[in-house]
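# Report on the structure
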Amino acid sequence: MRKFLGYILSPFAISAFFLVLVIFQPIQWISYKAFGYSAHKKSVDALNFCLLSTYYILFNSVKFINKQNLPQGRPMIIMANHQSLIDIPPMIYFFRKYHAKFISKIELAKGIPSISYNLRVGGGANIDRKDPRQSITELVKLGTRMKENGWSAMIFPEGTRSKDGHVKTFQSAGIATLLKKCPNALLVPVAIDKSWEMVRYGLFPLNTFTAMTWEVLEPIEPGTAPVDELVKLAEERIRQKVG
């Protein structure tokens, strides 16, 4: 029944999603060109609120759980498991007050309304996985911006999406590079659960009545152990929540 309803509701949800992207493309451009970073960030926050709101067209739900006292003004490296592209708008919106910047594939920085423009001017890192030197350079630049501005970074350490929801092994190299430039960045694990079910049939039909959660877990102080051990600890905490 859920899949059947997906065939009916998906055209509305997908149309609304892409309409939001098209509408916010000029809004972002004007905000950035005319008013600078602060105005552009507010437009991106609004963009992602509208994007995640389209999930409700399918009677899906988005729940954000944060029982942690996260610091404002201190850089953080927010690391989450990655189940689908659905993960990203809630992450950006829920962590908006921490100025969290995504580490993304460079391919996404072209051709996608709103998303590509934000990736180019928003202050994140767009890395070329085929070019290790370029990737390291971008991460070093992001680490420097984090240190200078008190910004945070968002990263999916699995490196790719888990299409069945099972957590894959976390990679620590990117996080280690960020910590070299921003050694006081707090490590914050986030467990994303059930978002893969929304796209279990692909982009069409999208699934319905899916209860998705984003939960902030206990932060980890840097420098208390080697980076790979800290990343492994974050992975284990997420596994305990996601299963």
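Reading the values: the criteria
- Within each chain, residues carry numbers counting from 1 in the order of the written sequence.
- Local features in a predicted model are, by the rule used here, given only for residues with pLDDT of at least 70; side-chain atom pairs are given and counted only at 80 or more, and totals for whole chains, interfaces and linings are based on all residues.
- Excluding hydrogens and water, the side-chain figures rest on all heavy atoms present in the structure.
- UniProt positions are given in the numbering used here, feature names are shortened, and annotations may be inferred rather than shown by experiment.
- For the purposes of this entry, the term helix denotes a DSSP run of H or I that reaches at least four residues, the term strand denotes a run of E that reaches at least two, and both are numbered from the N terminus.
- Should any heavy atoms of two residues lie within 4.5 Å, those residues are considered in contact.
- For patch building, the residue pool is restricted to those with more than 30% relative accessible area and no salt bridge; the joining distance is 9 Å between like charges and 5 Å between nonpolar side chains (Val, Leu, Ile, Met, Phe, Trp, Tyr).
- For accessible areas, the Shrake-Rupley method is used with a probe of radius 1.4 Å. Any residue's cover is judged against the shown protein chains and nothing else.
- In the sections that follow, a salt bridge refers to a side-chain nitrogen of Lys or Arg positioned within 4 Å of a carboxyl oxygen of Asp or Glu.
- Think of it in three bands: residues with accessible area under 20% of the maximum for their type are buried, residues over 50% are exposed, and the middle band is partly exposed, with areas taken using a 1.4 Å probe on protein chains only.

Named according to an unreviewed UniProt entry, the chain is 1-acyl-sn-glycerol-3-phosphate acyltransferase originating from Mucilaginibacter roseus. We quote the UniProt Pathway (unreviewed entry) comment for the chain here in full: "Lipid metabolism."

What follows covers the UniProt feature "transmembrane region" (unreviewed entry) in the chain. The UniProt record annotates "transmembrane region" (unreviewed entry) at residues 7–26 and 46–66. Spanning residues 7–26, this segment combines 100% helix with 0% strand, and its end C-alpha atoms are found 31 Å apart. Between the C-alpha atoms that bound residues 46–66 the distance is 21 Å, and the span itself is 38% helix and 29% strand.

Okay, the side chain of T177 next. Here T177 shows up in helix α6 (residues 173–181). If near-sequence neighbours (up to four positions away) are discounted, T177 is found in contact with I136, L139 and V140.

Moving on: a nonpolar patch on the surface. On the surface, a cluster of nonpolar side chains totalling about 780 Å² of accessible area is made up of M1, F4, Y7, I8, F12, I57 and F204. If you trace the backbone, Y7 turns up in helix α1 (residues 2–35).

Per the counting criterion, the structure on display carries nine salt bridges. Of the charged contacts, one joins K41 and D45 as a salt bridge, the two residues approaching to 2.9 Å between their closest N and O atoms. In this pair, K41 and D45 both sit in helix α2 (residues 37–53), four residues apart, roughly one turn of the helix. Like K41, the residue D45 is buried in the burial classification. Here R74 makes a salt bridge to E221, at a shortest N to O gap of 2.8 Å.

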